[in-house]
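# Remarks on the overall topology
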Amino acid sequence: MDTFNQGAQMHQSSLVASLSQDRKVAFYRKTYTHLALAVLLFILVEMVFFQIPAVVNFALSLTQGWLWLAMLGGFMFATSYAEKMALNSNDKNKQYLALLIYVIAEAFIFIPLLFIAMSYAADGGAAILSQAAIMTVSLFAGLSGIALITKKDFSFLKSILSIGFFVAIGLIVAGTLFGFNLGLWFSVGMVILASGSILYQTSNMVHKYEEDQFVAASLGLFASLMLLFWYILSILSRD
């Protein structure tokens, strides 16, 4: 019994919430550094993709009907696989592989949306991308700051977010099958969901993760950041 208690205490002591302030700061620094590197890698991979017409054309060909649903399904599978690999493996190489898989999958699914945004280049397409990036980073920083400064546990958002994302998936499937446009308010709702996800993921970084899980923490934050960017860019790219 004593051995079990000692083991539990050792496990508990590795939680970020139980660390000294210096070690917490080191964990946060590693997490946000990896987040920044993931964003940089996303940009580089996206640039490479857009230099390969076959990849762009293939991605654009998957935006209609069942093919789009298949693409979303593949992305969700890659996301789930990467998140489980990052969270459940103690092997740093596997954690980095999970982050790499997720970044590449994210870059691929972004091709159609970025193509639409860049097609407005003559009317300020570059400006749209810049505006979306600035708005995304500003909102992300503000929401992360709230969670970090207040240290409030936002784990209660998990159920709300799960229901919200299931409803969103249902609407996307229905829209694809029955051919109706989800419209501006759907994108606004998704921005709200993404904002809640940022609060939830940042709260997890403070309260749920262990000291050596900074790669997994950065993956969760990256996923929420890119979801927010997707729907802000969608709103700005509307005719």
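Residues numbered from 1 in each chain as written. Predicted model: local features only at pLDDT ≥ 70, side-chain atom pairs only at ≥ 80, totals over all residues. Heavy atoms only, no water.

Assigned secondary structure in the protein chain consists of 10 helices and 0 strands. Starting at the N terminus and ending at the C terminus, the protein chain contains elements arranged as α-α-α-α-α-α-α-α-α-α. When burial is assessed residue by residue, the protein chain has 44% of its 239 residues classed as buried. For the protein chain, the proportion of contacts with a sequence separation of at least 24, taken over those separated by at least 6, is 82%. Carbon and sulfur atoms form 69% of the exposed surface of the protein chain, whose accessible area is close to 12800 Å². (Helix = DSSP H or I, 4+ residues; strand = E, 2+ residues; numbered from the N terminus. Buried < 20%, exposed > 50% of the residue type's maximum accessible area, 1.4 Å probe, protein only. Contact = heavy atoms within 4.5 Å. Areas by Shrake-Rupley, 256 points an atom, 1.4 Å probe, with all protein chains shown as cover.)

It is worth spelling out the packing of aromatic side chains at this point. Evaluation of the coordinates by the stated rule reveals 11 aromatic pairs. Centroid distance F49 to F108: 6.3 Å. Interplanar angle 90°. Geometry classified as edge-to-face. Highlighted residues: F49 in helix α2 (residues 21-50) and F108 in helix α5 (residues 92-109), separated in sequence by 59 residues. When sorted by exposure, F49 lands in the same class as F108, which is buried. Ring centres 6.5 Å apart and planes at 65° place the aromatic pair W230 and Y231 in the edge-to-face group. Taken individually, W230 and Y231 each receive the classification buried, so the pair is uniform in this respect. (Phe/Tyr/Trp six-rings, centres within 6.5 Å; stacked < 30°, edge-to-face > 60°.)

Turning our attention to the environment of S162. Residue placement: S162 occurs in helix α8 (residues 157-178). With relative accessibility at 31%, the residue S162 sits in the partly exposed group.

Positionally, H34 belongs in helix α2. Side-chain polar atoms of H34 contact the backbone oxygen of K30, separated by 2.7 Å. Among the polar contacts listed, one links the side chain of H34 to the side chain of Y96, at a separation of 2.7 Å. Residues within four places of H34 in sequence aside, it is in contact with Y96, F214, V215 and S218. (Polar contact = N/O pair within 3.5 Å; in protein donor to acceptor, adjacent residues only side chain to side chain.)

Applying the stated criterion across every chain, the model contains 2 salt bridges. Between R23 and E211 there is a salt bridge, with its nearest N and O atoms 2.6 Å apart. Of the two residues, R23 is situated in helix α2 and E211 in the loop between α9 (183-207) and α10 (214-236); the sequence distance between them amounts to 188 residues. Linking D153 and K208 is a salt bridge whose minimum nitrogen-to-oxygen distance equals 3.9 Å. Here K208 lies in the loop between α9 and α10 and D153 lies in the loop between α7 (125-150) and α8, a separation of 55 residues in the sequence. Take K208: its relative accessible area is 44%, and that puts it in the partly exposed class. (Salt bridge = Lys/Arg side-chain N within 4 Å of Asp/Glu carboxyl O.)

Core analysis: the largest hydrophobic core is formed by 71 residues, its most contacted members being F27, F108, I109, F110, F222 and L233. No other element matches α10, which puts 16 residues into this core. Apart from the residues lying within four places of it in its own chain, the contact partners of F27 are V16, M205, Y209, E210, E211, Q213, F214 and A217. (Core = buried A, V, L, I, M, F, W, Y, C linked by side-chain atoms within 4.5 Å.)

The next thing to look at is the confidence of the model for the protein chain. With 90% of its residues at a pLDDT of at least 70, the protein chain reaches an overall mean of 82. In the model of the protein chain, helix α1 (residues 2-13) stands out as the element of lowest mean pLDDT, 41, in contrast to α2, which has the highest, 93. Low pLDDT, under 50, characterises residues 1-13; the predicted model gives this stretch 4 contacts beyond four residues in sequence or across chains. (pLDDT = per-residue confidence, 0-100.)

Another aspect to go through is the environment of N57. Inspection of the secondary structure puts N57 in helix α3 (residues 53-61). When the C-alpha atoms of N57 and I111 are compared, they prove to be 9.4 Å apart, with 54 residues separating the residues in sequence.

Turning our eyes to something else, we now look at α10. An ideal rise of 1.5 Å per residue puts 33 Å on 23 residues; α10 measures up with 32 Å between its terminal C-alpha atoms. In terms of burial, α10 is largely enclosed, as 20 of its 23 residues are buried. (Expected span 1.5 Å × (residues − 1).)

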